[in-house]
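Geometric and topological summary
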Amino acid sequence: MASDDEFSAASFAIDFQDFDQDEAFQKAEFHVRNKESKNFIVEFGRKCARIAFDVNNNEMKELLDHNPDEHVDYPIRWINIWDPSAQRDVMNSIGKKYGFSPRLLGLMTTPRTQQDEARRHSHRRKLALRHHQRSNRDLEKGDAVNGSFPKPPASEINDSIALYLQVKDTVNYFSTDQTQKAFCVGANWLHKRPNPKLDHPRISIVPPKHWQWLALCNDHTVLSIHEKPYFEPVPDKEDKDQWQHDEFESMRSHIMDILRQLSDKGVDLYKTNPLAQSSVRQSLPNPRQDLNRTQSGVSVFNNSETGSLADEGTSNLFYYLFEDYVAAGPLKMAEQELDEMTHKILVSTRRTKVSKSSEIIPTLHYLSKDLREFKHLFENYKNLISKIMSVGRRDSPQSIHLDADHKVFLTNSALSRFDRLRDRLQYLMLNTIEGYLEEIAALSTTYFNLTQQKDSQATARLTRSATLLAKLSVFFLPISFMTSYFSVQIEDLYTYWTGKTYWYAFAVIASVSFVSLFFFSRLLMLFSDMMDEWAAFILDRGNNVLRRFKEFMGLKTTDDDDDD
């Protein structure tokens, strides 16, 4: 042990610190939370771990000249880079070591511009505005939200790079690259949106995303490279600094979880949170002195003493960096929103309940849109996992041209974990989303059917009201005529009328009107139908006579026009 420490001190000028000590552990937590941090390097084994922060290019070159498996106590290395666009020299050294192509290295170090960031958010709904309302405020002018960006000159960004960044922002895009010494994947990972302090209209259930590259190298090294953090627009009246601070911590929370558990000081923090447990270091197997990597069925490497342990550690580290359950959280929000919409739609059948279509229809539309975006995201993850498993197998056709010392692949335990993760994505995520989409379609159909039923009922009530008014008119029409008759100022008539005469006449006419109204209404409807039939018969006869007259006069008939 002492000899190895002496060898490490003599070999590296990097200031490595014992990660199992409180001071280094707290410094690591501060480093991850600090926006000005550049990078960190962790080297660990089963018994010990060490960490270095903000390594410069010369130190990185020196580090890459020594493989981690040269040290029995630290056979696994994790290099984490924050904002590669600000560390081009370090990225060039890493790319040269692991054979990254100039194109891949250029894409990793390409910074976003303010113009691209404004375009990135301009198509999204404003977070603090109702999703079904239009706004005359311009997002790019900073009127709507605090997180908007000014527009720079159009020449600031290359068109091809702008197209790539636009494609990269879609949730169903991922990138895979394989070199002689590494296998690299890039994709969008989600992080939690901060909880608003104020009440806001509906916000999309799709969390904000950030781009990350992961690379598994053939010298027991794992790379994680994070794009410079950019934030979603801040809702109106929210504290911009606090919102972006919370989003930044959420963005780096997954890295924080994994980094903490590489130290003995951080394992106990996750005993009650099984989904955040990674246990990369604690689950490392004891190396067997009598079993080399070929015999263990893992891989082939130079140092057979620590080979199986190092492969297990790098494979599991790569898996846990990939696995992140933040994307599953919004599905609970979707379920709650569906329950609310179901209640609103079903109670809309009550006459006393007035449901606004301007609230229900847009909510169902945008919820369906968000779920479809989630579906594309999980299908993207599933395809990416299939690609990783295809390349990561020992007999992978993608790496069959490589010799045994240069192959990059995963251990059987890591492959099993990726396989289980792919099954969970299908059976828990994709199937659930598909069920939600079907439920939304059913709710939409139900809502329109209920709305049509309510309209039919309202029409029926209106018809009954109109019928009642018509019957009342028919009832009072003879009485009105009688009253008008008794009001005629003819001396030969009104001199013989008395009050009894009027009321006798009123009783007789009202009785006759009542009997005629309720007992002869069907007869009147029958008479009306007969009149309609007679009118149709007369019209048909008239058309026949007119057609024969035109034929007699040699004129072109309507039927001839239709044939032409």
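For the structure itself, look to the data block above.
How each quantity is defined
- Residues numbered from 1 in each chain as written.
- Predicted model: local features only at pLDDT ≥ 70, side-chain atom pairs only at ≥ 80, totals over all residues.
- Heavy atoms only, no water.
- Helix = DSSP H or I, 4+ residues; strand = E, 2+ residues; numbered from the N terminus.
- Buried < 20%, exposed > 50% of the residue type's maximum accessible area, 1.4 Å probe, protein only.
- Contact = heavy atoms within 4.5 Å.
- Areas by Shrake-Rupley, 256 points an atom, 1.4 Å probe, with all protein chains shown as cover.
- Salt bridge = Lys/Arg side-chain N within 4 Å of Asp/Glu carboxyl O.
- Axes fitted to C-alpha atoms, helices over the stretch in contact; angles between N-to-C directions.
- Parallel < 35°, antiparallel > 145°, perpendicular 65-115°, else oblique.
- Left-handed = near helix turned anticlockwise from the far one by under 90°.
- Nonpolar A, V, L, I, M, F, W, Y, C, P; charged D, E, K, R; others polar.
- Phe/Tyr/Trp six-rings, centres within 6.5 Å; stacked < 30°, edge-to-face > 60°.
- Lys NZ or Arg CZ within 6 Å of the ring centre and 35° of its normal.
- Pairing = 2+ DSSP bridges.
- Polar contact = N/O pair within 3.5 Å; in protein donor to acceptor, adjacent residues only side chain to side chain.

Glancing now at the overall build of the protein. Each helix and strand in the protein was counted, giving 17 helices and 8 strands. Counting every position in the protein, which comprises 564 residues, the buried fraction comes to 44%. The long-range share in the protein, meaning contacts at least 24 apart out of those at least 6 apart in sequence, stands at 72%. Carbon and sulfur atoms form 53% of the exposed surface of the protein, whose accessible area is close to 30600 Å².

So, on to unusual backbone geometry. One non-glycine residue, Asp 54, lies in the positive phi region at around 50°. Positionally, Asp 54 belongs in the loop between β3 (49-53) and α3 (57-64). Even without a glycine there, the phi angle at His 220 is positive, about 65°. Relative to the helices and strands, His 220 is located in the loop between β7 (209-217) and β8 (221-226).

Considering all chains together, one arrives at 14 salt bridges under this definition. In this structure, the salt-bridge partner of Arg 50 is Glu 43, at a minimum N-O distance of 2.6 Å. Note on accessibility: Arg 50 and Glu 43 belong to one class, buried. Two residues, Arg 547 and Glu 551, come together in a salt bridge whose shortest N-O distance is 3.2 Å. Of the two residues, Arg 547 and Glu 551 both sit in helix α16 (residues 521-553), 4 residues apart, roughly one turn of that helix. Judged by its relative accessible area of 48%, Glu 551 is partly exposed.

It is worth spelling out the packing of helix α4 (residues 88-98) against helix α5 (residues 102-109) at this point. Viewed as axis vectors pointing N to C, α4 and α5 meet at an angle of 150°, and their least axial separation amounts to 11 Å. Classed by the angle they form, the pair α4 and α5 counts as roughly antiparallel. When the axes of α4 and α5 are compared, the crossing they make is right-handed. Taking contact as the criterion, the partners of Arg 88, Met 91, Asn 92 and Gly 95 in α4 are, on α5, Leu 105, Met 108 and Thr 109. The residue makeup of the contact of α4 with α5, split by class, is 3 nonpolar, 3 polar and 1 charged.

Quick look at the packing of aromatic side chains now. All chains considered together, the criterion is met by 18 aromatic pairs. Relative to Phe 418, the ring of Phe 322 has its centre 5.6 Å away and its plane inclined at 65°; by these criteria the two rings are edge-to-face. With Phe 322 in helix α10 (residues 307-322) and Phe 418 in helix α13 (residues 412-486), this residue pair connects regions lying 96 residues apart in the sequence. Accessibility assignment for this pair places Phe 322 and Phe 418 in one class, buried. A cation sits over an aromatic face here: Lys 35 above Phe 248, 5.6 Å from the ring centre. Sitting over the face of the ring of Trp 82, Arg 252 holds its NZ or CZ atom 3.7 Å from the ring centroid.

Attention now goes to the pairing of strand β2 (residues 39-44). The element β2 is largely enclosed, with a buried count of 6 among its 6 residues. Direction of pairing for β2 relative to strand β4 (residues 76-82): antiparallel, over a ladder of 6 bridges. Directly across from Ile 41, in β4, lies its bridge partner Ile 79. Examined bridge by bridge, β2 and β3 share 5 bridges and lie antiparallel to one another. Note on β3: the bridge partner recorded for Phe 44 is Ala 49. Connecting β2 to the antiparallel partner β3 that follows it, the hairpin turn spans 4 residues.

Mapping Ser 85 onto the fold places it in the loop between β4 and α4. Residue classification places Ser 85 among the buried residues on the basis of a relative accessible area of 18%. A polar contact is formed between the side chain of Ser 85 and the side chain of Asp 83, at a distance of 2.5 Å. If we ignore the near neighbours within four places in the chain, the residues touching Ser 85 are Thr 109, Thr 110 and Pro 111.

Okay, the pairing of β8 next. The buried count for β8 comes to 6 of 6 residues, which makes it a mostly enclosed element. Burial of β8 is two-sided: the residues Thr 221, Leu 223 and Ile 225 facing one way and the residues Val 222, Ser 224 and His 226 facing the other way are all buried. Two strands pair when backbone bridges link them, and β4 and β8 are joined in this way by 6 bridges, in the parallel orientation. Paired with Trp 78 across the strands is Val 222, a residue of β8. Both β7 and β8 contribute to a ladder of 5 bridges, which runs antiparallel. Directly across from Leu 216, in β8, lies its bridge partner Val 222. If you look at the hairpin formed by β7 and β8, you'll find 3 residues sitting between the two strands, and His 220 has a positive phi there, around 65°.

Everything listed here is a matter of coordinates, which is why it stays silent on function.
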